[in-house]
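What follows is each chain in one-letter form.
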Amino acid sequence: MKHYNIPVFISHFGCPNACVFCNQKKINGRETDVSLEDLKNIIESYLKTLPKNSIKQVAFFGGTFTGISMGLQREYLEVVKKYIDNGDVEGVRISTRPECIDDEILTQLKKYGVKTIELGVQSLDDEVLKATGRNYNYEIVKKSCDLIKKYGFELGVQLMIGLPKSTLESDFLSAIKSLDFNPDIARIYPTLVIKGTELEYMYKAQKYKALEIEEAVERTVKIYSLLEKNKVNIIRVGLQPSEDLTADGVIIAGPFHPAFRDLVENKLYFNFLKRIYERENTLNIEVNEKNISKIVGQKGINKKLFYPNFKIKINNDLDINALKINENIYKRENIL
């Protein structure tokens, strides 16, 4: 059965941190910008359009949900609980920060039907966290993740590549350390320089260098492969190209691409084909037609790079993630 999120984007104006990549506005006297009536309207609107025979979750994104007051969290969740009780939605998912988790919070979330908690881990390198203004360390993240798993929630981790002071090695090491938490799902985001952030100032003052798209893809491929090989479901790679993000002048610098995950998958397959080509000097490939774009590469680049020893044939008897190359069958785990 297909799964759908009903996204509710809340800003947490009371957030005590000033992360360098964040441009969230602070408004005195207000915790957030979504009223209870707004929440009802958002849910009702999506329920009218989403397929009846599907799994639906209300997803609180965009802010630190558990950083707002317990009372307001409860009010939001009480609104959603009515839709859970009558079978319109299956549950709730939230995103929050590692230091905004404790027993009291988790008990309330469990009571009101929260199923998934995603933590904005970003990095597990202390130097990177300090340079980014995150104000926590590995031990705090580990404690929160252990608690989340103890209470039976699905655990998600969000990782960022290319933050200040990060390197290819530190980003990869963060991904390795994140496996200590036994996450169920993950998101991988390349760092972008957004207008109105501290990172914009750092970039313009030449105190921060944004990643080029090729370098961002290279870093992400290693992390992507590592997580998938360890059975972590990677639910997003790259930021959603929303209207707010793609508006003129919002992205100052950084490796933004509307199909960033496709670039990562293409690079993954290129690296695999290259290893075989260097060993066997020819590529006679059979592939399921649903996977052909990854083999051909963006704008047919793989055909050009391996020409004239590159031949491709459609074979829909093959699993979508399997390849037959030079008469040998390779599965997804071989490609990773």
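This one's a predicted model, so the numbers in the text were calculated from it and none came from an experiment.

### Describing the overall build of the protein chain
Broken down by element type, the protein chain carries 13 helices and 13 strands. For a compact globule of 336 residues, the expected C-alpha radius of gyration is about 20 Å, and the protein chain comes in at 22 Å, within 12% of that figure. With the principal axes as the frame, the protein chain shows a C-alpha extent of 65 × 55 × 40 Å. By sequence separation, contacts in the protein chain at least 24 residues apart represent 77% of the contacts at least 6 residues apart. Of the roughly 16800 Å² of accessible surface on the protein chain, 48% is carried by carbon and sulfur atoms. When the 49 basic and 45 acidic side-chain charges of the protein chain are each reduced to a single mean position, those positions are 2 Å apart.

### Digging into the layout of surface pockets
Counted as a void, the second largest pocket has a volume near 360 Å³. For the second largest pocket, the lining is made up of 14 residues, of which Glu214, Val217, Leu263, Lys267 and Gln298 are closest to its centre. In the lining of the second largest pocket, the residues fall into six nonpolar, five polar and three charged.

### Looking at helix α6 (residues 168-178)
Turning to α6, its buried residues are Ser170, Asp171, Ser174, Ala175 and Ser178. For α6, the angular spread of the buried residues around the axis is 145°, confining them to a single face. Contacts from the buried residues of α6 go to α4 (126-132), β5 (154-161) and α8 (213-229).

### Regarding the nonpolar core
Formed by 79 residues in total, the largest nonpolar core has its most connected members in Phe60, Leu109 and Ile117. With 10 residues, helix α10 (residues 260-280) is the single largest residue contributor to this core. Counting residues in each nonpolar core, the second largest holds 13 residues, with Leu163, Leu199, Met202 and Tyr208 among its members.

The rules behind each value
- Residues numbered from 1 in each chain as written.
- Predicted model: local features only at pLDDT ≥ 70, side-chain atom pairs only at ≥ 80, totals over all residues.
- Heavy atoms only, no water.
- Helix = DSSP H or I, 4+ residues; strand = E, 2+ residues; numbered from the N terminus.
- Rg over C-alpha atoms; globule rule 2.2 N^0.38 Å.
- Contact = heavy atoms within 4.5 Å.
- Areas by Shrake-Rupley, 256 points an atom, 1.4 Å probe, with all protein chains shown as cover.
- Lys, Arg positive; Asp, Glu negative; His and termini not counted.
- Charge placed at Lys NZ, Arg CZ, Asp CG, Glu CD.
- 1 Å grid on protein atoms, 1.4 Å probe; cavity = no way out; pocket = protein on both sides within 12 Å on 5 of 7 lines; lining within 4 Å.
- Points joined across faces, edges and corners; volume = space filled by probe spheres on them.
- Nonpolar A, V, L, I, M, F, W, Y, C, P; charged D, E, K, R; others polar.
- Buried < 20%, exposed > 50% of the residue type's maximum accessible area, 1.4 Å probe, protein only.
- Arc of directions from axis to C-beta.
- Core = buried A, V, L, I, M, F, W, Y, C linked by side-chain atoms within 4.5 Å.

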